[in-house]
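# Survey of secondary and tertiary structure
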Amino acid sequence: MSVDREKQYMTQTETDIAFLLADATDEVEIGIAPVQAVMRGGRRRRARRWAMAAATAVVALGGSAGATLAFAGLPGEHRAQEVAHPASPEARHVYDPQWTTVSRGTYQGKEWSVSVQVWGAPRNETEADRQFDAMDALGMKPANVRVPADLIGKTSYFATRGWLGEHAQQVMFNTVRTPESYAGTDLEAIATRFSSDPASSGRLVIGIVAKTAQEVTCHWKDGRTSVAHLADGFSAHDDGNAIRTVDGFRTANWFVCVAPQGTVYQSAEVTK
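Residues numbered from 1 in each chain as written. Predicted model: local features only at pLDDT ≥ 70, side-chain atom pairs only at ≥ 80, totals over all residues. Heavy atoms only, no water.

### Thoughts on the overall build of the chain
Spelled out, the test is: Helix and strand definitions follow DSSP, with helices as H or I runs of at least four residues and strands as E runs of at least two, each counted in order from the N terminus. Residue exposure (1.4 Å probe, protein chains only): buried if accessible area is under 20% of the type maximum, exposed if over 50%, otherwise partly exposed. Contacts were defined at the residue level, with two residues in contact if any of their heavy atoms lie within 4.5 Å.
For the chain, the count of helices and strands is 3 helices and 15 strands. Expressed as a percentage of its 272 residues, the buried residues of the chain come to 47%. The long-range share in the chain, meaning contacts at least 24 apart out of those at least 6 apart in sequence, stands at 65%.

Given below as structure tokens:
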């Protein structure tokens, strides 16, 4: 192994260890707010790398590891059709991601939103270079990617939150080659905040559930609950709690729960 590759391996291993330690610290809060929580539910599966935005506090909740993520458009999918009709990078969303708004609302008079970007897998170094630059232009930092070539053959996603019209912060993201599907009551999510304001820490929950999930119930520390239902489109009566299909993420759905004023996250579960 060369020195450069050994350094890269050591750096990646340190990242893996950090998240394994988060898994091991069930119900232990480290550091100071804002709180960023890792929540897992459903069947236990193998450990995997998981990337989240850096925060000054991390909380690992629940004793079971969540299912890994599932994406459409991965290498090998519809291979026969691709051989016959090779899709262009633009058609595969290599340079311009599919972008879906999952939830939006108002906090202290300002509008916030939660969105998910899904970037198609580059097939060569040229595509990877252009994708890396496109991500950088949007302020996106892919997981475990040191050089553009690390993106080849991998699909990337970024869940972001922040004020409408301003730069959004990535809070849940990954870059993967062979992810797994969610099924049944599998659930994985984070508890974060509406924006850069630490006063709202723990009040916004963002996560992924199986396509079959019709309802997610989030429990708050004061005993109240919020229920996210499968939704299509937006209306003036939306309360921010919703499960939505995300373009390019065909084998799992995303959900958002919003805590009432004066409380923060306690737990979440698929209830229907």
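### Observations regarding the environment of Lys110
Mapping Lys110 onto the fold places it in strand β6 (residues 110-119). Judged by relative accessible area, which is 36%, Lys110 ranks as partly exposed. For Lys110 and Ser195, which are 85 residues apart along the polypeptide, the C-alpha to C-alpha distance reads 9.9 Å. Dropping the residues within four chain positions of it, Lys110 is found in contact with Gly105, Trp163 and Glu166.

### Considerations on the packing of aromatic side chains
Defined as follows: Here the aromatic set is Phe, Tyr and Trp, taking the six-membered ring for Trp, and pairing holds for ring centres within 6.5 Å; pairs whose planes are under 30 degrees apart are stacked, those over 60 apart are edge-to-face, and all others are tilted.
Within this structure, the stated rule accounts for 7 aromatic pairs. With 5.5 Å between their ring centres and 65° between their planes, Tyr157 and Trp254 make a pair best called edge-to-face. One end of the pair, Tyr157, is in strand β7 (residues 155-163); the other, Trp254, is in strand β14 (residues 249-258), and 97 residues separate them in sequence. Owing to a relative accessible area of 0%, Tyr157 belongs among the buried residues under this scheme. According to the relative accessible area criterion, Trp254 is buried, its value standing at 0%.

### Observations regarding the nonpolar core
To be explicit about the condition: By nonpolar core is meant a set of buried Ala, Val, Leu, Ile, Met, Phe, Trp, Tyr and Cys residues that side-chain atoms within 4.5 Å join together.
Judged by nonpolar contacts, the single largest core of 24 residues is most densely connected at Trp112, Met172, Leu204, Ile206, Phe249 and Trp254. At the level of secondary structure, the elements contributing two or more residues to this core comprise β5 (98-107), β6, β7, β8 (169-176), β10 (204-209) and β14. With 5 residues, β14 is the single largest residue contributor to this core. For Trp112, the residues in contact, after removing those within four places along its chain, are Ser103, Arg104, Gly105, Thr106, Tyr107, Gly162, Trp163, Leu164, Phe194, Leu204 and Val258.

### Things to note about the environment of Trp119
Applicable threshold: The definition of a polar contact used here is a pair of N or O atoms within 3.5 Å, where within protein one atom must be able to donate a hydrogen and the other to accept one, and adjacent residues in sequence count solely through side-chain atom pairs.
Within the secondary structure, Trp119 sits in strand β6. On the basis of relative accessibility, which here comes to 0%, the residue Trp119 falls in the buried class. It is 6.7 Å that separates the C-alpha atoms of Trp119 and Gln98, two residues lying 21 residues apart in sequence. Aside from chain neighbours lying at most four places away, what touches Trp119 is His93, Val94, Tyr95, Asp96, Pro97, Gln131, Ala134, Met135, Leu138, Thr155, Ser156 and Phe158. A polar atom in the side chain of Trp119 sits 2.9 Å from the side chain of Gln117.

### Digging into unusual backbone geometry
A positive phi angle, close to 60°, is found at His93, a residue other than glycine. Assignment of secondary structure puts His93 in the loop between α2 (79-84) and β5. One non-glycine residue, Asn144, lies in the positive phi region at around 55°. Its place among the elements puts Asn144 in the loop between α3 (125-137) and β7.

### Observations regarding the state of the cysteines
Short version of the rule: Disulfide: a pair of cysteine sulfur atoms within 2.5 Å of each other.
The final tally for this structure, using the stated rule, is 1 disulfide. Disulfide pairing is shown between Cys218 and Cys257; the S-S distance is 2.3 Å. Since a negative S-S torsion denotes a left-handed disulfide, the Cys218-Cys257 link at about 80° is right-handed. Taken as a pair, Cys218 in strand β11 (residues 215-220) and Cys257 in strand β14 lie far apart in primary sequence, 39 residues in all. Like Cys257, Cys218 is buried.

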